[in-house]
Amino acid sequence: MSNTFFAPRLNRRNFLKASAALGGSLVVNLGVAANSLLAAQEFAPNAFIRIDRRGLVTFVMPQVEMGQGIYTAQAMLIAEELDVSLDDVRIEAAPVNEALYGHPMLRRQTTGGSTSIRAFWTPLRVAGATARRLLMQAAATEWNVDVASCRTQDGFVLHPDGRTRRA
């Protein structure tokens, strides 16, 4: 059996198309997003991630668990990029919405062919990393410091002067 059907052509164009399709809301003005985040009760930077004021991350799972461990693996991708503990990530099944949660390789909202990690590896990492950057930008805006001076650790944004903020 040929792997051609399941192997995505990873080039710049396909990466950008998949990223835009799966996380269209990732392209934001960081200043506006940071100001909105400061006032929000829940931070939802894209279709995959919501973070409440206590730091609990809800990962909207685009796939169905069928015994290969994708609930753990995909949640780990999100946790790693957000720099939070996996214990702080809960999973919620995605609603039917092929535009937001469609499988980038199979071109529909489905699970199959052992493609879940291959297909969602990059989009979920981009979603998590973008959310982390927005959280850092919000803290930097609140503290009136350069975002480059901030870092994350264990679900918090930290500044060298000792200030911390739950991510």
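These numbers come from a predicted model, not from an experiment.

Turning our attention to the overall build of the chain. Within the chain, the secondary structure is distributed over five helices and seven strands. What you see in the chain, going N to C, is helices and strands ordered as α-α-β-β-β-α-β-α-α-β-β-β. For the chain, buried positions account for 41% of its 167 residues. By sequence separation, contacts in the chain at least 24 residues apart represent 52% of the contacts at least 6 residues apart.

What follows is about the sheet that holds strand S1 (residues 42-43). Spatially, S1-S2-S3-S4 is the arrangement adopted by the four strands of the open sheet, whose pairing is mixed. Each edge of the open sheet is held by one strand with a lone partner, namely S1 and strand S4 (89-93). Against the sheet, helix H5 (residues 116-143) engages S1, strand S2 (49-52) and strand S3 (57-61), with an angle of about 35 degrees to S2.

In a beta sheet, neighbouring strands are held together by backbone hydrogen bonds and run either parallel or antiparallel to one another. Strand order across the open sheet formed by three strands is S5-S6-S7, with antiparallel pairing between neighbours. Each edge of the open sheet carries a strand with a single partner, namely strand S5 (151-153) and strand S7 (164-166). Looking at each pair of strands side by side, their axes are set apart by 30 degrees on average, direction ignored. Note that strand S6 (residues 156-158) and S7 share three bridges and pair antiparallel. Within S7, the residue paired with Leu158 across the bridge is Thr164.

With 75% of its residues at a pLDDT of at least 70, the chain reaches an overall mean of 78. In this model residues 1-11 is a low-confidence stretch, pLDDT under 50, and it forms twelve contacts with partners more than four residues away in sequence or in other chains. Under a pLDDT of 50 for its full length, residues 14-35 has, in the predicted model, 32 contacts with residues more than four places off or in other chains.

Here the focus is the nonpolar core. Phe48, Ile49, Val57, Phe59, Leu82 and Val157 are the most contacted members of the largest nonpolar core, which totals 34 residues. Elements supplying a minimum of two residues to this core: S2, S3, helix H3 (70-82) and H5. The element that contributes the greatest number of residues to this core is H5, accounting for eleven residues. If we skip the residues at most four places from it in the chain, Val157 touches Leu135, Met136, Ala139, Trp143, Cys150, Arg151, Thr152, Arg163, Thr164, Arg165 and Ala167.

Note on strand geometry: in a regular strand, side chains alternate between the two faces of the sheet. In terms of residue burial, S3 counts as a mostly covered element, since five of its five residues are buried. The alternating pattern of S3 places Val57, Phe59 and Met61 on one face and Thr58 and Val60 on the opposite face, and all of these are buried. The antiparallel pairing of S2 with S3 creates a hairpin that spans four residues between the two strands, and Gly55 there sits at a positive phi of about 95 degrees. The pairing of S3 with S4 spans five bridges and is classified as parallel. Bridging from a neighbouring strand, Val60 pairs with Glu92 of S4. A crossover connection joins S3 to the parallel S4 through H3; in handedness this β-α-β unit is right-handed.

Conventions adopted
Residues numbered from 1 in each chain as written. Predicted model: local features only at pLDDT ≥ 70, side-chain atom pairs only at ≥ 80, totals over all residues. Heavy atoms only, no water. Helix = DSSP H or I, 4+ residues; strand = E, 2+ residues; numbered from the N terminus. Buried < 20%, exposed > 50% of the residue type's maximum accessible area, 1.4 Å probe, protein only. Contact = heavy atoms within 4.5 Å. Pairing = 2+ DSSP bridges. Axes fitted to C-alpha atoms, helices over the stretch in contact; angles between N-to-C directions. pLDDT = per-residue confidence, 0-100. Core = buried A, V, L, I, M, F, W, Y, C linked by side-chain atoms within 4.5 Å. Right-handed = clockwise from strand over helix to strand, strands pointing away.

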